[in-house]
Amino acid sequence: MGGTNITCRNPNADRRIGMENNFSAEAKVADGSDQLKAYRKKFLITDAHVIYLNGNSLGRLPLASKELAQKVISEEWGQQLIGGWNKRWYKLSAKLGAKLSLLIGAKAHEVIFADSTSVNLFKLAYAALQCNPLRKKIIIDAFNFPSDHYILQGVVQMLSANHEIIIIPSVDGVTINEKDIENALDNEVALVCLSYVGYQTSFKYNMRSVTQMVHAAGAKIIWDLSHAAGAVPVDLNGCQADYAVGCSYKYLNGGPGSTAYLYVREDLIPDSKTPVWGWFGSAKPFDFDLQYEPSEGIQRFLAGTPPVLSLSVVEPALDMIFEAGIDRIDAKSKGQSEYFITMLRFLHQKFRDLELSSPKNPAQRGSHITIRHPHAAGITQAMINPLKSNVSVITDFRKPNFIRFGLTPLYTSYQELYMAYTRLHEILDKKEYLNYPERIQGVT
Ligand SMILES: *Cc1c(COP(=O)(O)O)cnc(C)c1O
């Protein structure tokens, strides 16, 4: 716990549960030798009784971002006023894109920050389909984020060119069989759109082999990196990926609604057209010509003025990830996942209704772990708003019966995972979930 001691309400829980398994001691040893433990102190953490396992939805606030936000507001906006554009703001989208490119295996001029993930997906899906107008099939999987499905449905409707969307189902409810994608690929497929790491079960594709099979069929692929970037290594260029999008408020810790990014492989940029012709994407925004002409580079995918305040605070968070190193982050994520899954297996022996819903193979997983249980909604509420325990474990519920635990190595400790496990054990043991409604309201 980075030096903070918290105890479970039931001091005997440790001994009782730890009889066969020394989970608590293991957590202490693992935290003690954790190479990344210094990073926890670089985040604003005000309550040690709140165990935050939701960094896969909204990352914690880095202290450096808090400081920078103050500076951008009072010094830049407050004092530089319009002059701020020439000092730092105008080039910020591209500068941060160049920085992020190092994390996702791209070249500096292939990545730019803009808009939201959904809007970026819209722009790239349109661009990809326009490049290949004779092919009419689009492939997506049942695990992709609903917004990704909606965006593709909207693009299809807009182009009214009789595209057909093919949804690859999951056979086991946890993974997608790459063979099923391969079987669906033929010479009518224009575009494949997949999440590298799926938001529900944390299933992670083999980006290289899937991209290869898509290319072998003459189609293009858009990878959604939202649940992957900052959590697992990504090598877009190494995999010859065509297009990618992603958000920066999950594992990149950019803050609520922070600006998203997009990637277009350099050789595809000249023929890729954005459907949103705005001045920031034009060749010469400050010439004020009345006829649109796209910028030659990745800037063509900008539309309007970027949200400088929120964009600015993405940078300290990115810097922290580079300093820690994505390989070390990935290694800790795998270590924490194994530790957590071992405890879940132990729980499963006692509570058969609780099942692991993430892939067993670490190479097929991102950095969140999903379980399922018939009372998943009640369990999630008991974790977040306990009636008796003094420990709140922030997780989330996803339909139909999933509970997700986001492991974010920069600030998640093994001790926290142990506490989450003891709460889960208590909730199942005492059937605490029966005290809560079956449906959850609002954002979870
Ligand atoms: C989080 C997430 C999004 C979010 O899209 P926004 O437009 O930023 O709200 C989209 N796709 C995937 C796969 C995600 O995980």
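Residues numbered from 1 in each chain as written. Predicted model: local features only at pLDDT ≥ 70, side-chain atom pairs only at ≥ 80, totals over all residues. Heavy atoms only, no water.

Asker: Requested: an account of the overall build of the protein, with residues and values cited.
Answerer: Across its full length, the protein holds 14 helices and 13 strands. Taken along its principal axes, the extent of the C-alpha atoms in the protein is 75 × 60 × 40 Å. In the protein, buried positions account for 57% of the 444 residues. For the protein, the exposed area adds up to about 19200 Å²; of that, 53% sits on carbon and sulfur atoms. (Helix = DSSP H or I, 4+ residues; strand = E, 2+ residues; numbered from the N terminus. Buried < 20%, exposed > 50% of the residue type's maximum accessible area, 1.4 Å probe, protein only. Areas by Shrake-Rupley, 256 points an atom, 1.4 Å probe, with all protein chains shown as cover.)

Asker: Please provide a residue-by-residue account of the pattern of salt bridges, values included.
Answerer: Counting across every chain of the model gives 21 salt bridges. As a salt-bridge pair, K99 and E315 come within 2.8 Å of each other at their nearest N and O atoms. Here K99, found in helix 5 (residues 92–101), pairs with E315, found in helix 11 (residues 314–324); they are 216 residues apart in sequence, far enough to count as distant. As a salt-bridge pair, E432 and R423 come within 2.9 Å of each other at their nearest N and O atoms. Pair check on accessibility: E432 and R423 agree, each one buried. One network of salt bridges, with partners in common, ties together K95, K99, E315 and D319. (Salt bridge = Lys/Arg side-chain N within 4 Å of Asp/Glu carboxyl O.)

Asker: So, the sheet that holds strand 12 (residues 396–398): which residues are in play, and what are the values?
Answerer: One open sheet holds the 4 strands; their spatial order is 9-10-13-12, and the pairing between them is antiparallel. In this open sheet, the two strands that pair with only one neighbour each are strand 9 (355–356) and strand 12. Relative to strand 13 (residues 402–406), strand 12 runs antiparallel, the two sharing 3 bridges. Paired with D396 across the two strands is R404, which belongs to strand 13. Across the sheet, helix 13 (residues 376–384) is in contact with strand 12 and strand 13; its angle to strand 13 comes to roughly 35°. (Pairing = 2+ DSSP bridges. Contact = heavy atoms within 4.5 Å. Axes fitted to C-alpha atoms, helices over the stretch in contact; angles between N-to-C directions.)

Asker: Please set out the sheet that holds strand 8 (residues 261–264) residue by residue, giving values where relevant.
Answerer: Spatial ordering of the open sheet is given by 2-8-7-6-5-3-4, a layout of 7 strands whose pairing is mixed. Of all the strands in the sheet, the pair left with one neighbour each is strand 2 (111–113) and strand 4 (164–168). Looking at each pair of strands side by side, their axes are set apart by 15° on average, direction ignored. Relative to strand 7 (residues 243–246), strand 6 (residues 220–224) runs parallel, the two being bridged by 3 bridges. For D224, the partnering residue across the bridge sits in strand 7 and is V245. Of the strands in this sheet, strand 3 (137–141), strand 4, strand 5 (189–195) and strand 6 touch helix 7 (residues 146–159), which is tilted by about 170° from strand 3.

Asker: Can you lay out the site of the ligand for me, pointing to particular residues and giving the numbers?
Answerer: Near the ligand you find S116, T117, S118, F145, D148, S195, D224, S226, H227, Y249 and K250, and these make up its full shell. A distance of 3.2 Å is found between an oxygen atom of the ligand and a side-chain nitrogen or oxygen belonging to T117. Between the ligand and K250, the relevant distance is 2.5 Å, taken from an oxygen atom to a side-chain nitrogen or oxygen of the residue. Tallied by class, residues from the shell around the ligand come to 2 nonpolar, 6 polar and 3 charged. (Near = heavy atom within 4 Å. Polar contact = N/O pair within 3.5 Å; in protein donor to acceptor, adjacent residues only side chain to side chain. Nonpolar A, V, L, I, M, F, W, Y, C, P; charged D, E, K, R; others polar.)

Asker: Describe the side chain of D224, naming the residues involved and giving the relevant values.
Answerer: The residue D224 is located in strand 6 in this model. No salt bridge is formed by the buried D224; its nearest oppositely charged neighbour, K250, is found at 6.5 Å. (Lys, Arg positive; Asp, Glu negative; His and termini not counted.)

Asker: Which residues make up the packing of aromatic side chains, and what are the values?
Answerer: Under the criterion given, the structure shown has 20 aromatic pairs. Ring centres of Y90 and F280 lie 5.8 Å apart, and the angle between their planes is 65°; this geometry places the pair in the edge-to-face category. Separated by 190 residues along the polypeptide, Y90 in the loop between helix 4 (84–89) and helix 5 and F280 in the loop between strand 8 and helix 10 (308–312) bring together distant segments of the chain. For Y90, a relative accessible area of 32% puts it in the partly exposed group. The exposure class of F280 is buried, given its relative accessible area of 6%. When the centroid spacing of 6.0 Å and the interplanar angle of 40° are considered together, the rings of Y418 and Y421 count as tilted. You can see Y418 and its partner Y421 sitting in helix 14 (residues 414–429), 3 residues apart, about one turn around the helix. Site record: aromatic cluster; members linked through ring pairs are W85, W89, Y90, W279, F280, F286 and F288. The aromatic ring of F145 is capped on one face by K250, whose charged end is 5.2 Å from the ring centroid. (Phe/Tyr/Trp six-rings, centres within 6.5 Å; stacked < 30°, edge-to-face > 60°. Lys NZ or Arg CZ within 6 Å of the ring centre and 35° of its normal.)

Asker: Lay out unusual backbone geometry in plain terms, naming residues and giving numbers.
Answerer: In this model, K399 is joined to P400 through a cis peptide bond whose omega is 0°. By the secondary structure assignment, P400 is in the loop between strand 12 and strand 13. You will see that L81, though not glycine, has its phi angle at about 50°, which is positive. Relative to the elements of secondary structure, L81 occurs in the loop between helix 3 (63–80) and helix 4. Take L81: its relative accessible area is 52%, and that puts it in the exposed class. For S160, which is not glycine, the phi dihedral falls at a positive 30°. Within the fold, S160 resides in the loop between helix 7 and strand 4.

So far we have only geometry, and geometry alone does not tell us how the molecule works.
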